Amino acid sequence: MSSATPTSARVRRLPVVGALRLGRPSDVWFKPALSVVAAVAPPSLLLMTLGRLDLAPYTMAGSLCALYAHNRPYAARAKVLAWVILGMLGGLAVALVSASLTRNAVVLVTVGALLAAVQKAVCDATRVGPPAHVILTFVSSAALFVPQTLGQVPGHLALAAAAGAWAWLVGMAPAPLRPHGPERRATAQALHAAAACAETARGGEEGAGARSAAYAAVHAAWQTLLVVRNRPSTTRRALERLVIRAEVALAAPADADPARLRSCARAVRGTGRIPRTGDPRREEDGLSREEDGLRPDGVGSCPDGTGSRPDGAGPCRTDGGARLDDDSLRRDGDLLRERDELVGVAAERAVTPRPLWSRLGPLTPAAVRSALGCALAGYVSLALGAERPYWALVTAASLYQANITLTWSRAVQRVVGNLVGVLLFAAVAPVARLGPLALVLCILACNFGAEALIGRNYWLGSVCVTPLALLVTELPGFQPTGELVTGRVVDTLVGALVGFLAAVAVTNRRAGRHVERALTTVDRAGEHAARVAADPSSTPAALEAARRGLAAAVVDLRATADAAAGEWWQRALPQERVVLAEQAAHRTLAATVRRRGLLPDPGTTSTYTYTEGASP
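Keep in mind it's a predicted model, so treat the numbers as computed, not measured. (Residues numbered from 1 in each chain as written. Predicted model: local features only at pLDDT ≥ 70, side-chain atom pairs only at ≥ 80, totals over all residues. Heavy atoms only, no water.)

**Thoughts on the side chain of Thr466**
By the element assignment, Thr466 lies in helix α17 (residues 458–472). For Thr466, a relative accessible area of 0% corresponds to the buried category. A polar contact is formed between the side chain of Thr466 and the side chain of Asn418, at a distance of 2.8 Å. Dropping the residues within four chain positions of it, Thr466 is found in contact with Gly417, Asn418, Gly421, Val422 and Arg488. (Helix = DSSP H or I, 4+ residues; strand = E, 2+ residues; numbered from the N terminus. Buried < 20%, exposed > 50% of the residue type's maximum accessible area, 1.4 Å probe, protein only. Polar contact = N/O pair within 3.5 Å; in protein donor to acceptor, adjacent residues only side chain to side chain. Contact = heavy atoms within 4.5 Å.)

Now the structure itself:
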């Protein structure tokens, strides 16, 4: 195994056309789009009725929190939304107090840059997800340049808090109708990804990309299911079994049945019964375990006490004693095996997450990059005489991604989207100025369009974000269109150029070391999993914990390698070692699955072992 790494630095080519290519829309694009409209509309219309649209920017700050946590289970979403709202209020409070104490633009830009760095670091460490820190930075940066007095600050914060509470209710509104909607979607995505991997394997292709994507989807599904700790439920346990099915399909993709996996995924997405994961040879009857005459303890039950099951499928246990046939023996064994599979899930659910401070350390380069880029962009904008330097600051804050290549792509997307967006604003402005109601309706339409389109490509969403930001500036009063368009274009170009240069100056030179650490982690996790799998006395919980730890290490290795591959001025990465480590880990994962009895050992055709999701 070669581990040689050339020491010469290299500059990577930066994409342009590829950065603008449209992707598939998100499966749930309509959820944040409708949520933000539902959160923004009532406060804005109420203020319009009261003749105080000038206060709408403060309520909108709280309403925009409805964009967050749509991929989280509702119990976790409630907490995440609450923390997002508190974080928004904290940043807004700092901005409003700063604006009331000084009108020195340089000081305000500095405060905004520091806030942006803190917001990015915390959002990255907590993996709060899209739209991450950008909305929080927009809110706090814009508030810095709104004239304030200390006496006004409590009232403005109260408006934002009230709108934030309404946004929390909007975000939690679907819970009574689809209490496990996020978990179902994550499970369905894992099954679809496993099916795609199986199709690639059946076609005789290498499929490294499909396999990595499938492992990432399965890992994301486990994160969604396990994020609500110590809250077991029948539905969640059934979904966990389906994710296990996806894992088994990844362990033997050539044997898996993509059609069956996709069928399960379609069934999971709705609100109907979740498919069970019993013996594939008995799965065609479509019955749940309860319908199949099995009590939760795996024992056949007869509701009429006659000793025979009403479906004619055979005898029942009426005395709590011996099993009466081989069918009962096999079903009991299947249920025990499923129960063993979930022991490790329960063990992982009990693991305490790492403290926040320990996750902030590796994010130092990103935080420094964000602070420097935002500050310089704001200073340059001020030097050019801009009235709203926070536009340049927010542009710079929105650029910073996992590496230089992705940051460049985001810069291209931001510039193109904003340039098209100002043209859209010029077309919409006459309509918005017909009256307060027209202005509010245009803002709502831009909010919906931004969230509906941004999933396909960031630049497409920016086409609606730009007129939205310009329309918000007109809530206190209409302003000349030409000045707004010119200022937005200049600040966009300044923020993108200065922000990218800051990213180049503060490159993550430790990316190569992160890859080495990730490789070491995979090697150690693989050795541990292999030892546990080879030990006949290993408990189901230990085997499951070892397997899950290795799977998480593989996903982290791929993410780390992809992030490092886009950095500049670094040594060549050990790509060969990464590929070989992934292959070895995949083989070890397959061995652990066989050890759990879900796959037959190579060369055997045991009637009591089968591949879940595989062709019988």
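**Remarks on helix α7 (residues 181–202)**
Look at α7: 31 Å from first C-alpha to last across 22 residues, which is about the 32 Å you get at 1.5 Å a residue. Most of α7 sits inside the fold, with 16 of its 22 residues counted as buried. (Expected span 1.5 Å × (residues − 1).)

**Quick look at the packing of helix α14 (residues 390–399) against helix α18 (residues 481–505)**
The N-to-C vectors of α14 and α18 enclose an angle of 40°; their axes lie 7 Å apart at closest approach. Judged by the inter-axis angle, α14 sits oblique to α18. Classified by chirality, the crossing of α18 by α14 is right-handed. Only Leu484, Gly487, Arg488, Asp491, Thr492, Val494, Gly495, Ala496, Gly499 and Phe500 of α18 make contact with α14, whose side of the interface consists of Trp391, Ala392, Thr395, Ala396 and Leu399. Taken together, the residues that form the contact of α14 with α18 break down as eight nonpolar, five polar and two charged. (Axes fitted to C-alpha atoms, helices over the stretch in contact; angles between N-to-C directions. Parallel < 35°, antiparallel > 145°, perpendicular 65-115°, else oblique. Left-handed = near helix turned anticlockwise from the far one by under 90°. Nonpolar A, V, L, I, M, F, W, Y, C, P; charged D, E, K, R; others polar.)

**Details of the nonpolar core**
Residues Tyr68, Met88, Leu471 and Leu475 are the most contacted members of the largest nonpolar core, which totals 78 residues. With nine residues, helix α3 (residues 74–101) is the single largest residue contributor to this core. In contact with Met88, not counting residues within four places along its chain, are Ala61, Gly62, Cys65, Leu136, Val139 and Ala160. Listed in part, the 53 residues of the second largest apolar core include Val243, Val248, Leu261 and Ala518. (Core = buried A, V, L, I, M, F, W, Y, C linked by side-chain atoms within 4.5 Å.)

**Focus: helix α2 (residues 56–63)**
Counted residue by residue, α2 has seven buried out of eight residues, so it is predominantly covered. Listed as buried for α2 are Ala56, Tyr58, Thr59, Met60, Ala61, Gly62 and Ser63. Buried residues in α2 make contact with α1 (30–49), α3, α5 (133–144), α6 (153–172), α16 (436–453) and α17.

**Examining the confidence of the model for the protein**
Overall, the predicted model of the protein reaches an average pLDDT of 79, with 75% of residues at or above 70. The element-level mean pLDDT for the protein is lowest in helix α11 (residues 326–349), coming to 48, with α6 highest at 97. This stretch, residues 279–324, has a pLDDT under 50; its non-local contacts, to residues over four places away or in other chains, come to 89 contacts. Scored below 50 in pLDDT, residues 599–616 shows 53 contacts in the model against residues more than four places distant or in partner chains. (pLDDT = per-residue confidence, 0-100.)

**Digging into the environment of Thr492**
Within the fold, Thr492 resides in helix α18. When the C-alpha atoms of Thr492 and Val415 are compared, they prove to be 6.4 Å apart, with 77 residues separating the residues in sequence. Once residues within four sequence positions are removed from consideration, Thr492 is found in contact with Thr395, Arg414, Val415 and Asn418.

**What to know about the packing of aromatic side chains**
Enumeration over the complete set of coordinates arrives at five aromatic pairs. On the basis of an interplanar angle of 80° and a centroid distance of 6.2 Å, the ring pair of Trp29 and Phe448 is categorised as edge-to-face. Here the residue Trp29 occupies a position in the segment before α1, and Phe448 occupies one in helix α16, the gap between them amounting to 419 residues. Residue classification places Phe448 among the partly exposed positions, given a relative accessible area of 29%. (Phe/Tyr/Trp six-rings, centres within 6.5 Å; stacked < 30°, edge-to-face > 60°.)

**Topic: the environment of Pro43**
Within the secondary structure layout, Pro43 lies in helix α1. Along the backbone, Pro43 and Leu55 are 12 residues apart, and their C-alpha atoms lie at a distance of 9.8 Å. Pro43 has contacts with Thr59, Ser63 and Trp166, leaving out every residue within four places of it along the chain.

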